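Now for the letters of each chain:
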Amino acid sequence: MRILLLACLGKNKSGNVFGGAEKSIVNLANWLADKDYDVVLASVEGDARAYDISDKVKYEGKEIIKKNKLYTHYQLYANTKRVIKKYKPDIIISFFLHPLFYALPSIFKNKIKAVYSERNDPDREYGKAAKLMRKILVKHIDGIVFQTRDAKNYFPDKIKKKSIVIHNPTYIKYDDYAIVENPDKRIVTVGRLNPQKNHKLLIKAFSEISDKYKDYTLEIYGDGPLKNELKSLIRELGMEDKIFLKGTYKDVLNRVYGAGLFVMTSVYEGMPNALIEAMCLGIPVICSDCPCGGPGELIENGKNGYLFKPDDIEQLKGYMSQLLDKYNIDMCLREKEICKTHSKEKIFADWEDYISHIVR
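Residues numbered from 1 in each chain as written. Predicted model: local features only at pLDDT ≥ 70, side-chain atom pairs only at ≥ 80, totals over all residues. Heavy atoms only, no water.

**Re the overall build of the protein chain**
Then, number 1: If you tally the helices and strands in the protein chain, you get 16 helices and 13 strands.
Then, number 2: Taking 21 Å as the expected radius of gyration for a compact globule of 360 residues, we find that the protein chain reaches 21 Å, a close match to that expectation.
Then, number 3: Its C-alpha atoms give the protein chain principal-axis dimensions of roughly 65 × 45 × 40 Å.
Then, number 4: Taking all 360 residues of the protein chain together, the buried fraction comes to 57%.
Then, number 5: Here the contacts in the protein chain between residues at least 6 apart in sequence split such that 68% fall between residues at least 24 apart.
Then, number 6: Treating the 59 positive side-chain charges of the protein chain as one cloud and the 48 negative ones as another, the clouds have centres 8 Å apart. (Helix = DSSP H or I, 4+ residues; strand = E, 2+ residues; numbered from the N terminus. Rg over C-alpha atoms; globule rule 2.2 N^0.38 Å. Buried < 20%, exposed > 50% of the residue type's maximum accessible area, 1.4 Å probe, protein only. Contact = heavy atoms within 4.5 Å. Lys, Arg positive; Asp, Glu negative; His and termini not counted. Charge placed at Lys NZ, Arg CZ, Asp CG, Glu CD.)

**A few points about the pairing of strand β4 (residues 91–94)**
Then, number 1: Side chains of β4 alternate between two faces, with Ile91 and Ile93 and Ile92 and Ser94 buried alike.
Then, number 2: For β4 and strand β5 (residues 113–118), the ladder comprises four bridges, and the chain directions are parallel. When the sheet's bridge partners are listed, Ile91 is paired in β5 with Lys113. (Pairing = 2+ DSSP bridges.)

**Some thoughts on the sheet that holds strand β10 (residues 243–247)**
Then, number 1: The strand order across the open sheet built from six strands is β10-β9-β8-β11-β12-β13, with neighbouring strands paired in parallel fashion. Looking at which strands have only one partner, the edges of the open sheet turn out to be β10 and β13 (306–308). Across the sheet, the axes of successive neighbouring strands diverge by a mean angle of 25°, strand direction being ignored.
Then, number 2: Contacts from helix α11 (residues 273–281) reach β8 (184–190), β11 (259–264) and β12 (285–288), with the element oriented near 155° to β11. (Axes fitted to C-alpha atoms, helices over the stretch in contact; angles between N-to-C directions.)

**Considerations on α11**
Then, number 1: Counting buried positions along α11 gives nine out of nine residues, so the element sits mostly inside the fold.
Then, number 2: Of all the residues in α11, the buried ones are Asn273, Ala274, Leu275, Ile276, Glu277, Ala278, Met279, Cys280 and Leu281.
Then, number 3: The first or second residue beyond α11 is Gly282, which carries a positive phi of 80°.

**Some words on the sheet that holds strand β7 (residues 163–165)**
Then, number 1: Reading across from one edge, β3-β2-β1-β4-β5-β6-β7 is the order of the seven strands in this open sheet, with parallel pairing throughout. Of all the strands in the sheet, just β3 (58–61) and β7 have a single pairing partner and so form its edges. Across the sheet, the axes of successive neighbouring strands diverge by a mean angle of 20°, strand direction being ignored.

**Topic: helix α5 (residues 128–140)**
Then, number 1: Compared with the 18 Å implied by 1.5 Å per residue over 13 residues, the 19 Å span of α5 between its first and last C-alpha is a close match.
Then, number 2: Every buried residue of α5 is accounted for by Ala130, Met133, Arg134, Leu137 and Val138. End-on view of α5: buried residues confined to an arc of 125°, all on one side of the axis. Away from its buried face, by an angle of more than 90 degrees, α5 presents the exposed residues Lys128, Ala129, Leu132, Lys135 and Lys139.
Then, number 3: For α5, the elements touching its buried residues are α3 (97–102), α4 (104–110), β5, β6 (143–146) and α7 (157–160). (Expected span 1.5 Å × (residues − 1). Arc of directions from axis to C-beta.)

**Topic: the pairing of β6**
Then, number 1: Burial along β6 is two-sided: the residues Gly143 and Val145 and Ile144 and Phe146 are all buried.
Then, number 2: Inspection of the sheet shows β5 paired to β6 by four bridges, in the parallel sense. Residue pairing across strands places Glu118 opposite Phe146, the latter belonging to β6.
Then, number 3: Assessed by its sense of winding, the connection that carries the chain from β5 through α5 to β6 is right-handed. (Right-handed = clockwise from strand over helix to strand, strands pointing away.)

**Focus: the environment of Thr341**
Then, number 1: Following the sequence through the fold, Thr341 ends up in helix α15 (residues 338–341).
Then, number 2: Linking Thr341 and Thr170, residues 171 residues apart in sequence, is a C-alpha distance of 9.2 Å.
Then, number 3: Leave out the neighbours within four places in its chain, and Thr341 touches Lys346 and Ile347.

**Let's talk about the packing of aromatic side chains**
What characterises a pair of aromatic rings is the spacing of the ring centres plus the angle enclosed by the ring planes.
Then, number 1: On inspection of all chains with the given rule, the structure shows twelve aromatic pairs.
Then, number 2: Their ring planes at 20° and their centres at 6.4 Å tell us that Tyr71 and Tyr74 sit as a pair that is stacked. One end of the pair is Tyr71 and the other is Tyr74, both in helix α2 (residues 69–87) and three residues apart, which spans about a single turn.
Then, number 3: A centroid spacing of 5.8 Å and a plane angle of 70° characterise the contact between Phe101 and Tyr102, whose relative ring orientation is edge-to-face.
Then, number 4: For Tyr102, a relative accessible area of 16% gives the class buried.
Then, number 5: Directly above the aromatic system of Tyr249 lies the positively charged group of Arg255, at a separation of 3.6 Å from the ring centroid.
Then, number 6: For the cation-ring pair, Lys336 lies above Tyr174, with the distance from its terminal atom to the ring centre recorded as 4.7 Å. (Phe/Tyr/Trp six-rings, centres within 6.5 Å; stacked < 30°, edge-to-face > 60°. Lys NZ or Arg CZ within 6 Å of the ring centre and 35° of its normal.)

**Observations regarding a positive patch on the surface**
Then, number 1: On the surface, Lys81, Lys85, Lys88 and Lys109 cluster together to form a positively charged patch.
Then, number 2: Mapped onto the fold, Lys85 is located in helix α2. (Patch = residues over 30% accessible without salt bridge, like charges linked within 9 Å, V, L, I, M, F, W, Y side chains within 5 Å. Areas by Shrake-Rupley, 256 points an atom, 1.4 Å probe, with all protein chains shown as cover. Salt bridge = Lys/Arg side-chain N within 4 Å of Asp/Glu carboxyl O.)

**Some remarks on the side chain of Ser288**
Then, number 1: Mapped onto the elements of the fold, Ser288 is located in strand β12.
Then, number 2: At 2.6 Å, the side chain of Ser288 forms a polar contact with the backbone oxygen of Ser266. (Polar contact = N/O pair within 3.5 Å; in protein donor to acceptor, adjacent residues only side chain to side chain.)

**A closer look at the pattern of salt bridges**
Then, number 1: Within this structure, the stated rule accounts for 27 salt bridges.
Then, number 2: A salt bridge links Arg255 to Asp251, with the shortest nitrogen-to-oxygen separation between them at 2.9 Å.
Then, number 3: With relative accessibility at 35%, the residue Asp251 sits in the partly exposed group.

Shown next, in the form of structure tokens:
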């Protein structure tokens, strides 16, 4: 079976190349190739290889010239058509809407199976035009992989019947990182500096409790369009010596390991890799209970972390204070079980089963 994974591995608007969808599609390609499938990973927009691609995977990337939107989309269509003609796949999988939409004529003509994976909140992720494209796409392809039950329930029954929910995997093994008995006095978060991640809420919440926790600092890992705005807010609050915008790092896990608390304040999320990874590291976690339900499927409130109502600063401060007042090592042990429940072996085996179901 030849599997073509269509991707967009270019830099986003903030210049970031370390995205969750990019990481997931690369690692799925690597895993399938290790299982002796004939795997092609084709990036039809960009060639920013932020993640290691196995030698067993046939890879090609294509930078595009961005003159205007129309020309960009023409290149996307042309690149997609070319790789399908070149590799003649049995099935096409994409975590990116536009390449798979532009693949539809080739899919129809050559009777190729196709699977789309929705990676975020289906109601908020796209504008009107993209939502129309997705509506057409999901009607005509063979399968859809959702990350959460809420995302799946957004769609009509006809779409739900040919879909499946598969969470993101973790690549961290249980014994890779030991529980830290005396964590650093650091609060950390990881995520792009954009409105979705709502870093302003975390900055304000920490600034309001910082007098009580004088030894603690807040480290924000990520980059994005709101960087200067967040810097200004930190200055306004007089927190330059307590809150630090750390930027983007490939070894971010090692940098946040040992922190006393991980907080995610997103307005919406799919299945957040950063939260999964923090749980695997054994850092106590707090996350907004936001749509489309990813954090709520990972965290059982009060047992392996805390969920607060989105944008509720008082509830957020309460949970932060509770965990900073008393380090809950039992909670850390419970959350680390995600290393087993969401291992790449388990999650990618679910992908393999679903692909086999679609192709047969």
